[in-house]
Amino acid sequence: MSASRRSGATDELGPDEPGASGEPGGSDLLAALLDGMDAALCAFDAAGVVTHWNREAERILGWSAKDAVGRHGFAGWAVRTADAEEVQARLLSAMRAPGRQVHEFALLTKDGGRVLVRTQSAAVRGADGEPAGVYCAFSEVHAQIDLERSIALSEALFEDAEWGVVLVDADLRPAVVNAHASRAFGIGRASALGRPLGELLAQGVEELEAALTHVLAEGAPPAPAEVWVTLRSPAEGEQRRCWRNAFLPLASPLAEEPVPLGVGWLFTDVTEAKRGEQEAALLRFRTKQLHRAARAAAECEDPLEAATVHLDYALAGFADHALIDRLADAPRTPDAAGAVRLVRFAATPAGAPGPSVLTGAAGLPVRYEPGHPALSCVERTGCVRAEAGSVPPELAREWALRRQWPGDAVHALCAVLRSRGRTLGVVTFLRGAARTPFERSDASYAEDVALRIAAALDLAGATREP
């Protein structure tokens with residue numbers, strides 16, 4: 001490492017010789033500083049003579065400090081003779097201009113090549129405040145453009161990106177959050193900094209922290225990962241969203257060995273697309289189940305057996321238990337009046353899973369209390385949903401048993417059985433606490449199943465009439 005200076009150019013930095021304490025002299029310290037810079041640097045005195053030339057300048061152009069220091073300008077060696085006057089004037093003009101001056105021009109390498117560089121030059125002033133020379137920092141244009149692009153990309157990601165971008169430190173806490181991510185979290189950008197992810201998300205924190213820890217230890221995963229999270233929103237309550245996440249490990253480029261600085265976390269909300277995929281897959285499965293049930297029921301000689309076949313096929317992936325209740329009296333017409341009495345016709349086993357079994361041979365009505373969902377279903381001639389709500393397990397069990405359902409049922413969906421304009425009964429689907437409540441799409445599927453069961457029951461009644 002070498003750097004030279006002309007007499008007086010760096011006198012204010014200290015004496016040339018080491019002090020009595022053994023500390024390095026000003027010239028030694030200056031040489032170390034200049035040669036340790038990442039940018040190429042040269043300096044000129046007021047007459048335009050090169051006074052300093054660091055190691056990075058030698059790397060870019062091939063000229064050593066010994067070759068450069070003491071030359072008058074770049075003429076005849078670092079620039080073409082035809083361009084030397086213009087280049088010299090542009091560089092030395094920084095002595096008379098305020099601030100830094102930025103220029104681009106071509107320099108010559110020692111082996112005869114040309115390098116387009118971007119320079120930043122500024123005046124060096126002496127103790128009296130008068131210009132004493134110019135320092136010039138330069139780098140290859142393509143390297144400078146790469147740096148500017150990186151900076152511009154970072155600014156764009158943190159201001160205008162349609163993806164959420166979060167820089168997470170090694171302690172798994174957000175260090176930088178862009179505008180999109182702050183909107184997704186429902187919190188200000190400054191408020192999210194330094195907070196644990198568990199304070200920003202109600203659910204999905206474990207999956208995200210495991211992914212971030214893996215990236216810190218092993219590197220980026222080969223593909224984006226989809227994670228379902230639940231957001232805490234003071235205005236709208238908890239919201240369940242699906243994020244598609246990409247992770248990038250961040251390491252310091254200045255260290256001799258990679259030092260983890262954290263993780264760049266990019267995510268986008270794909271909830272609607274994901275739900276659309278799930279709904280499409282669910283619709284395909286249910287359509288296939290209805291088709292399989294129709295084929296199996298067509299092979300049943302007894303229409304009553306066909307009704308239970310439809311119930312068993314509908315149960316797969318849809319509910320935990322199912323019941324069929326028939327009207328104790330004649331089929332009910334729209335203008336019928338009077339109390340509704342239902343007899344249990346078939347039910348799935350309440351314990352171990354298995355096919356539906358026929359019950360109610362004695363014809364005794366089920367002890368449904370007034371306002372029971374099954375009775376309301378018959379009276380309204382439409383679907384009725386009911387659930388135990390957020391109650392302790394003991395109260396939920398009491399809620400189910402009081403309605404003559406299995407004790408583990410917490411969600412119910414009743415669909416009316418109708419055929420030839422008459423109501424024949426009710427089919428009830430029940431779910432346990434591990435499943436989600438019934439939704440509108442579930443009611444449509446239950447109605448499709450109820451139509452097929454009703455047709456089978458109506459056929460059974462018609463074949464048994466005198």
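Residues numbered from 1 in each chain as written. Predicted model: local features only at pLDDT ≥ 70, side-chain atom pairs only at ≥ 80, totals over all residues. Heavy atoms only, no water.

**Describing the sheet that holds strand β5 (residues 131-140)**
Formally: One requirement defines pairing of two strands: DSSP has to find at least two bridges between them. Here a strand is any run of E in DSSP of at least two residues, a helix any run of H or I of at least four, and the numbering for each starts at the N terminus. All axes are obtained by fitting lines to C-alpha atoms, using only the stretch in contact for helices, and the reported angles, taken between N-to-C directions, cover 0 to 180 degrees. We call two residues in contact when some of their heavy atoms are within 4.5 Å.
With antiparallel pairing, five strands are arranged side by side in an open sheet as β2-β1-β5-β4-β3. The open sheet has two free edges, formed respectively by β2 (50-53) and β3 (101-108), since each of these has just one partner strand. With strand direction ignored, the average angle separating the axes of adjacent strands in the sheet is 30°. Bridge analysis of strand β1 (residues 40-45) against β2 gives three bridges, and the strand direction is antiparallel. Within β2, the position partnered with Cys42 by the bridge is Trp53. Strand contacts of helix α4 (residues 81-92): β1, β3, β4 (114-125) and β5, with the helix running at about 150° to β3, the strand carrying the most contacts.

**Digging into the pairing of β3**
Relative to β4, β3 runs antiparallel, the two being bridged by eight bridges. Among the inter-strand pairings, Glu104 is bridged to a residue of β4, identified as Arg118. Where β3 hands over to β4, the hairpin turn is made up of five residues, of which Gly112 adopts a positive phi near 95°.

**Some details on the state of the cysteines**
We count it as follows: Criterion for a disulfide: a pair of cysteine sulfur atoms at a distance within 2.5 Å.
In the structure shown here, the tally under the stated rule is zero disulfides. For the unlinked cysteine Cys42, the closest cysteine sulfur is that of Cys136, found at 4.4 Å.

**Considerations on the packing of helix α9 (residues 271-298) against helix α10 (residues 303-315)**
The line we're drawing: Note on terminology: angles under 35 degrees are roughly parallel, angles over 145 are roughly antiparallel, angles of 65 to 115 are roughly perpendicular, and the others are oblique. Here a crossing is taken to be left-handed if its near helix is turned anticlockwise relative to the far helix by less than a right angle, and right-handed if that turn runs clockwise.
Running from amino to carboxyl end, α9 crosses α10 at an angle of 155°, the nearest separation of the two axes being 9 Å. With respect to their mutual orientation, α9 and α10 come out roughly antiparallel. Between α9 and α10 the crossing geometry is right-handed. Where α9 abuts α10, its residues Gln289, Arg292, Ala293, Ala294, Ala296 and Ala297 lie against Ala306, Val309, His310 and Tyr313.

**Considerations on the pattern of salt bridges**
Worth spelling out the cut-off: What counts as a salt bridge is simple: a side-chain nitrogen of Lys or Arg found within 4 Å of a carboxyl oxygen of Asp or Glu. Relative accessibility decides the category of a residue: with a 1.4 Å probe and only protein chains considered, values under 20% of the type maximum give buried, values over 50% give exposed, and everything between is partly exposed.
The tally for this structure, following the rule as stated, stands at 20 salt bridges. Note that Glu369 and Arg402 form a salt bridge whose closest N and O atoms lie 3.9 Å from each other. Taken together, the residues span a long stretch of sequence, with Glu369 in the loop between β14 (357-358) and α11 (373-380) and Arg402 in helix α12 (residues 393-402) at a distance of 33 residues. On the accessibility criterion, Glu369 (29% relative accessible area) is partly exposed. Three or more residues are tied together by salt bridges with common partners; here these are Glu226, Arg244, Lys274 and Glu277.

**Focus on unusual backbone geometry**
Of note, Thr381 is a non-glycine position whose phi angle comes to about 55°, a positive value. Relative to the elements of secondary structure, Thr381 occurs in the loop between α11 and β15 (384-387). The phi dihedral of Gln404 falls on the positive side, at around 65°, and the residue is not glycine. One can find Gln404 in the loop between α12 and β16 (411-419).

**Here we look at the side chain of Arg431**
Looking at where Arg431 falls in the secondary structure, it is placed in strand β17 (residues 422-431). For Arg431, a relative accessible area of 5% gives the class buried. In contact with Arg431, other than residues within four places in its own chain, are Arg286, Phe318, Ala319, Asp320, Asp408, Ala409, Val410, His411, Thr436, Pro437, Phe438 and Asp442.

**A few points about the environment of Leu33**
The topology assignment puts Leu33 in helix α1 (residues 26-35). Between the C-alpha atoms of Leu33 and Asn54, which are 21 residues apart in sequence, the distance is 9.1 Å.

**Details of the sheet that holds strand β12 (residues 321-327)**
Strand order across the open sheet formed by six strands is β14-β13-β12-β17-β16-β15, with antiparallel pairing between neighbours. One side of each edge strand has no neighbouring strand; the edge strands of this open sheet are β14 and β15. Bridging between strand β13 (residues 342-347) and β14 involves two bridges; their strand directions are antiparallel. Within the sheet, the bridge partner assigned to Ala347 lies in β14 and is Val357.

**Some remarks on the confidence of the model for the chain**
Heads up, the condition is: Per-residue confidence from the predictor is reported as pLDDT, a score between 0 and 100.
With 88% of its residues at a pLDDT of at least 70, the chain reaches an overall mean of 83. Confidence, read as mean pLDDT per element, is least for α1 in the chain (70) and greatest for β16 (94). Taken together, the stretch residues 1-22 has pLDDT below 50 and engages in 39 contacts with residues farther than four places along the chain or on a different chain.

**Overview of the environment of Ser139**
Among the secondary structure elements, Ser139 is positioned in strand β5. Take Ser139: its relative accessible area is 18%, and that puts it in the buried class. Along the primary structure Ser139 and Ala57 are separated by 82 residues, whereas in three dimensions their C-alpha atoms are 8.3 Å apart. Ignoring any residue separated from it by four or fewer positions in sequence, one finds Ser139 in contact with Ile60, Leu116, Val117, Arg118 and Gln144.

**What about the nonpolar core?**
Under the convention used in this document: Nonpolar cores are built from buried Ala, Val, Leu, Ile, Met, Phe, Trp, Tyr and Cys residues. Side-chain atoms within 4.5 Å join them into one set.
Membership of the largest hydrophobic core comes to 33 residues, with the highest contact counts inside it found for Phe318, Ile324, Leu417, Val427, Phe429, Ile453 and Leu457. Those elements that place two or more of their residues in this core are α9, α10, β12, β13, β16, β17 and α13 (440-464). Here the element with the most residues in this core is α13; it accounts for ten residues. Grouped together as the second largest cluster of nonpolar side chains are 28 residues, Val50, Ala68, Leu92 and Met95 included.

**Quick notes on the side chain of Thr348**
We apply this condition: We define a polar contact as two N or O atoms separated by no more than 3.5 Å, with the added condition that, inside protein, one atom must be a possible hydrogen donor and the other a possible acceptor, whereas residues neighbouring each other in sequence contribute only through side-chain atom pairs.
Inspection of the secondary structure assignment puts Thr348 in the loop between β13 and β14. Only 3.1 Å separates the side chain of Thr348 from the backbone nitrogen of Ala322, close enough to count as a polar contact. Ignoring anything within four residues of it in the chain, the contact list for Thr348 reads Asp312, Leu315, Asp320, His321, Ala322 and Ser356.

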